[in-house]
Amino acid sequence: MIYLTIVIAAVLVFVLQARIYRKYAFDKLEYKVTLSSDEVFEGDEVYVYEEISNKKFLPLPFLKVDTELPDGLVFRINERDEKTGGIKETFPRVIHSFPRVIHSVFVLHGREVIKRRWKVVCKIRGTYRLGSVSMLADDIFGSNPNAKVISPDKDSHAVVTVL
């Protein structure tokens, strides 16, 4: 009888937390992407800043955020130089087709803000706007993923013009 009670309690906890996360995962969750400069020259570096804030008490044990990066912007990757022991900066050898995506995985406690910075290089002249953002939140057991897509605003600060 005690085993049946434990199984029923475990199933009840599983179902209850799944409903809570399905309903409240994206409530009071803010995501903002900005660039360090509005205008740069071809070949210059800019930083892509992403900030995610969970303004509720419910923690998010798994949150995957994918931000589209336009074709003219290329990631700058730091690698360790084996000969000198210093750090050398390189570009990725493989050029990805649009949309290239910044993949970020977060674990957010209640009332927490996380900021990240990515270095990109403007390779081609033009005006670039970061694309849509897709979010995938999951519950404690990883069994109930919820997805949300955010389209970029026309008044977004994530726009850079390469001169």
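Since the structure is predicted, the reported quantities are computational estimates derived from the model, not experimental observations. (Residues numbered from 1 in each chain as written. Predicted model: local features only at pLDDT ≥ 70, side-chain atom pairs only at ≥ 80, totals over all residues. Heavy atoms only, no water.)

Undergrad: Let's hear about the sheet that holds strand β12 (residues 146–150): which residues, and what values?
TA: If you walk across this open sheet you meet the 4 strands as β8-β4-β11-β12, and the pairing is antiparallel. The sheet terminates laterally at β8 (100–108) and β12, the two strands that pair on one side only. Taking each pair of neighbouring strands and ignoring which way they run, the sheet shows an average axis angle of 15 degrees. Where strand β11 (residues 133–138) meets β12, 5 bridges bridge the pair, whose relative direction is antiparallel. Residue pairing for β12: Ala-137 is matched across the bridge by Asn-146. (Pairing = 2+ DSSP bridges. Helix = DSSP H or I, 4+ residues; strand = E, 2+ residues; numbered from the N terminus. Axes fitted to C-alpha atoms, helices over the stretch in contact; angles between N-to-C directions.)

Undergrad: Can you explain the confidence of the model for the protein chain? Please cite residues and give values.
TA: On average, the protein chain scores 82 in pLDDT, and the residues at 70 or more come to 81%. At the level of individual helices and strands, the protein chain shows its lowest average pLDDT in strand β7 (residues 87–90), which scores 53, and its highest in helix α1 (residues 2–24), which scores 95. Across residues 92–99 the pLDDT falls below 50, and counting only partners more than four positions away or on other chains, this stretch makes 10 contacts in the model. (pLDDT = per-residue confidence, 0-100. Contact = heavy atoms within 4.5 Å.)

Undergrad: I'd like a rundown of unusual backbone geometry, residues and numbers included.
TA: At Lys-28, a position not held by glycine, the phi torsion is positive, near 55 degrees. Relative to the helices and strands, Lys-28 is located in the loop between α1 and β1 (29–35). A relative accessible area of 57% means that Lys-28 is categorised as exposed. A positive phi angle is found at Arg-111, which is not glycine, with a value near 55 degrees. If you trace the backbone, Arg-111 turns up in the loop between β8 and β9 (112–122). Classification of Arg-111 by relative accessible area gives exposed; the value is 54%. (Buried < 20%, exposed > 50% of the residue type's maximum accessible area, 1.4 Å probe, protein only.)

Undergrad: Can you explain the packing of aromatic side chains? Please cite residues and give values.
TA: Using the criterion set out here, one finds 2 aromatic pairs in the structure. With a centroid separation of 5.5 Å and 40 degrees between ring planes, the pair formed by Phe-14 and Phe-141 is classed as tilted. Of this pair, Phe-14 sits in helix α1 while Phe-141 is found in the loop between β11 and β12, placing the two residues 127 residues apart along the sequence. The ring of Phe-106 has Arg-116 lying over it, and the distance from NZ or CZ to the ring centre is 4.4 Å. (Phe/Tyr/Trp six-rings, centres within 6.5 Å; stacked < 30°, edge-to-face > 60°. Lys NZ or Arg CZ within 6 Å of the ring centre and 35° of its normal.)

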